[in-house]
Amino acid sequence: MTNKKDIIILAVESSCDETSAALVKNGREVLSNIISSQINIHKRYGGVVPEIASRKHIEVIDTVIKEALDSASKSLDDIDSVAVTCGPGLVGALLVGLSTAKALSFAIDKPLIGVHHIEGHIAANYIENPKWEPPFICLVVSGGHTNIVIAHSYDKYEVIGSTRDDAAGEAFDKTARALNLSYPGGPQIEKLAYDGNPNVIAFPRVMIDSDDFDFSFSGLKSAVLNYINKCKMKETPFNRADVAASLQQAITDVLCHKAIKACKKYSLKKLAMAGGVCANSFLRRSMEDLCLKNGIELNVPKPVLCTDNAAMIGSAAYYRMLNGDFSSLSLNAFPSLRLGENIPNDFKANDIRNTLTLHTNN
Ligand code: KG4
Ligand code: ZN
């Protein structure tokens, strides 16, 4: 009888301003998840500076990988495969993780698996809840993406809605700047909003009633600026906490409305959330309430699994691996890779078969 042995994946993520490495067992169990954030460096520029991000990734990536191995009490001999985010993201930042992962894969003679960053965010749900399985609807809200996705299976993700302009995370970040809050704006707005009244200012809920699952958030920054400027012109004092709370409410209303609508339209009673904005506790609570009312099962990863991390990449890679979906050492970085699009790859079928035999024990 052939028993499947445990599969341990070493995963690397460097698509934006977090350098992360993780060891993930059988796609669901996190043995280690080391995250080195560059936020304090980019803060002084009001956003991520791509060139600085690449340099900082280079400085720490070896240490981060070593820490991931050490804190899991594993060595490179225990690794069955090396996974890495190959897009979308900042090209220079992606290339640091990619080159490192390719070198490791070559050195330890274990297969490489290129992973789509958003597929990773969605897979954070598999780590959070060991019983969570497709099909489900997933609301993906990060700094660069706002999507509603149908997860048909572990390897088939269909995007049914996207933002026409800014992502929800960008709306948080840009409006935060208008309120003189530091980068990244989401957590700052959340903190300020605790003391505010969300019903004071009616910021626009653009496209909330549109027939599709698309979003538009680019008008929010102007709406906040207009509100502040009008108050200043009329010399009426305004409460910054009310602005933050009203803004958070506007963004939450649109995201919740469309996610629930998608569950109903596709008769899927399972909703997952993914991406940095889902770390927002007001959004999490609002979605929880709505799901309860509508008989929908909700799964939300804990905040550290919502923002960028390598564990989620290791989980997504596991399901690619089960599918024989490996990458060649000529894998490139794809800054605008779309979810559901095949990762360009020249891996040969025979190589895949050979690789697969590595992962079973007699
Ligand atoms: O997924 P992520 O870590 O990186 C990307 O792939 O973009 O998302 C980063 C975004 C930023 O826009 C940040 O402001 C937002 O997630 N974010 C939040 C919160 N924490 C992070 N937005 C609202 N509330 C939060 N607590
Ligand atoms: Zn991300």
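Residues numbered from 1 in each chain as written. Chains lettered and ligands numbered in written order. Predicted model: local features only at pLDDT ≥ 70, side-chain atom pairs only at ≥ 80, totals over all residues. Heavy atoms only, no water.

**Thoughts on the overall build of the protein chain**
Alright, step 1. Tallying secondary structure elements over the protein chain gives 12 helices and 12 strands in all.
Alright, step 2. Referenced to the eigenvectors of the C-alpha coordinate spread, the extents of the protein chain come out at roughly 75 × 45 × 35 Å.
Alright, step 3. Evaluated residue by residue, the protein chain yields a buried proportion of 53% over its 362 residues.
Alright, step 4. In the protein chain, the share of contacts with a sequence separation of at least 24, taken over all contacts with a separation of at least 6, comes to 73%.
Alright, step 5. Charged side chains of the protein chain number 38 positive and 40 negative; the gap between the two group centres comes to 3 Å. (Helix = DSSP H or I, 4+ residues; strand = E, 2+ residues; numbered from the N terminus. Buried < 20%, exposed > 50% of the residue type's maximum accessible area, 1.4 Å probe, protein only. Contact = heavy atoms within 4.5 Å. Lys, Arg positive; Asp, Glu negative; His and termini not counted. Charge placed at Lys NZ, Arg CZ, Asp CG, Glu CD.)

**What to know about the coordination of the zinc ion (ligand 2)**
Alright, step 1. The coordination sphere of the zinc ion (ligand 2) contains the protein donors His-117 (NE2), His-121 (NE2) and Asp-308 (OD), at a distance range of 2.0 to 2.1 Å.
Alright, step 2. Spacing between the donor residues of the zinc ion (ligand 2) along their common chain follows H-x3-H-x186-D. One end of the pair is His-117 and the other is His-121, both in helix H4 (residues 117–128) and 4 residues apart, which spans about a single turn.
Alright, step 3. We classify His-121 as buried; its relative accessible area is 1%. (Donors = N, O, S within 2.8 Å, 3.2 Å for Na, K, Ca; no water.)

**Observations concerning the packing of aromatic side chains**
Alright, step 1. This model, assessed by the stated rule, comprises 10 aromatic pairs.
Alright, step 2. Summarising the aromatic geometry, the rings of Tyr-318 and Tyr-319 are spaced 5.1 Å apart at their centres and angled 85 degrees between planes, so their arrangement reads as edge-to-face. As far as burial versus exposure is concerned, Tyr-318 and Tyr-319 are alike and both buried.
Alright, step 3. Here the aromatic residues Tyr-126, Trp-132, Phe-136, Tyr-154, Tyr-318 and Tyr-319 are joined through ring pairs into a cluster of three or more.
Alright, step 4. In this arrangement the basic side chain of Lys-261 is found over the ring face of Phe-213, its NZ or CZ atom lying 5.2 Å from the centre.
Alright, step 5. The ring of Trp-132 has Lys-270 lying over it, and the distance from NZ or CZ to the ring centre is 4.6 Å. (Phe/Tyr/Trp six-rings, centres within 6.5 Å; stacked < 30°, edge-to-face > 60°. Lys NZ or Arg CZ within 6 Å of the ring centre and 35° of its normal.)

**Focus on the site of ligand 1**
Alright, step 1. As a matter of local geometry, ligand 1 sits amid 21 residues, with Gly-143, Asp-173, Glu-190, Gly-276 and Asn-280 nearest to it.
Alright, step 2. Between ligand 1 and the protein, one listed contact pairs an oxygen atom with a backbone N or O atom of Gly-144 at 3.4 Å.
Alright, step 3. Contact with the protein chains hides 89% of the accessible area of ligand 1, taken as 550 Å² for the molecule alone.
Alright, step 4. Within the residue set of the shell around ligand 1, elements represented by two or more residues are H4, helix H5 (168–178) and helix H6 (185–193).
Alright, step 5. Sorting elements by how many residues they give to the shell around ligand 1 places H6 first, with 4 residues.
Alright, step 6. A per-class count over the shell around ligand 1 returns 6 nonpolar, 12 polar and 3 charged.
Alright, step 7. The residues that make up the shell around ligand 1 include at least three from each of domain 1 (2–123 + 307–358) and domain 2 (133–301). (Near = heavy atom within 4 Å. Polar contact = N/O pair within 3.5 Å; in protein donor to acceptor, adjacent residues only side chain to side chain. Areas by Shrake-Rupley, 256 points an atom, 1.4 Å probe, with all protein chains shown as cover. Nonpolar A, V, L, I, M, F, W, Y, C, P; charged D, E, K, R; others polar. Domains from an automatic or database assignment.)

**Concerning the domain arrangement of the protein chain**
Alright, step 1. Domain annotation of the protein chain identifies domain 1 (2–123 + 307–358) and domain 2 (133–301).
Alright, step 2. The distance between the C-alpha centroids of domain 1 and domain 2 comes to 28 Å.
Alright, step 3. Taken residue by residue, the interface counts 17 residues in domain 1 and 18 residues in domain 2.
Alright, step 4. Summed over both partners, the interface of domain 1 with domain 2 comes to about 1,600 Å²; 70% of that surface belongs to carbon and sulfur atoms.
Alright, step 5. Applying the counting rule to domain 1 against domain 2 returns 0 salt bridges.
Alright, step 6. Across the side of domain 1 that touches domain 2, the residue classes break down as 7 nonpolar, 6 polar and 4 charged. (Buried area = accessible area lost by both parts, 1.4 Å probe. Salt bridge = Lys/Arg side-chain N within 4 Å of Asp/Glu carboxyl O.)

**Considering the pattern of salt bridges**
Alright, step 1. Tallying each qualifying case throughout the model produces 15 salt bridges.
Alright, step 2. Lys-25 serves as the salt-bridge partner of Asp-6, at 3.8 Å between the closest nitrogen and oxygen. Of this pair, Asp-6 sits in the loop between strand S1 (3–4) and strand S2 (8–13) while Lys-25 sits in strand S3 (residues 18–25), and the two are 19 residues apart along the sequence.
Alright, step 3. Asp-6 gets classed as partly exposed once you look at its relative accessible area, which sits at 41%.
Alright, step 4. Residue Arg-164 pairs with Asp-214 through a salt bridge whose shortest N-O separation is 3.0 Å. Of this pair, Arg-164 sits in the loop between strand S9 (156–162) and H5 while Asp-214 sits in the loop between H6 and helix H7 (219–233), and the two are 50 residues apart along the sequence.
Alright, step 5. Overall, the relative accessible area of 54% leaves Arg-164 in the exposed class.
Alright, step 6. With a relative accessible area of 17%, Asp-214 lands in the buried category.
Alright, step 7. A single network of salt bridges, built from pairs that share partners, joins Arg-164, Asp-212, Asp-214 and Lys-258.

**A look at the sheet that holds strand S11 (residues 297–299)**
Alright, step 1. One open sheet holds the 5 strands; their spatial order is S9-S8-S7-S10-S11, and the pairing between them is mixed. At either end of the open sheet lies a strand with only one pairing partner, and these are S9 and S11. Averaged over all pairs of adjacent strands, the angle between their axes in this sheet comes to 25 degrees, without regard to strand direction.
Alright, step 2. Sheet topology note: the strand S10 (residues 270–274)/S11 ladder contains 3 bridges and is parallel. (Pairing = 2+ DSSP bridges. Axes fitted to C-alpha atoms, helices over the stretch in contact; angles between N-to-C directions.)

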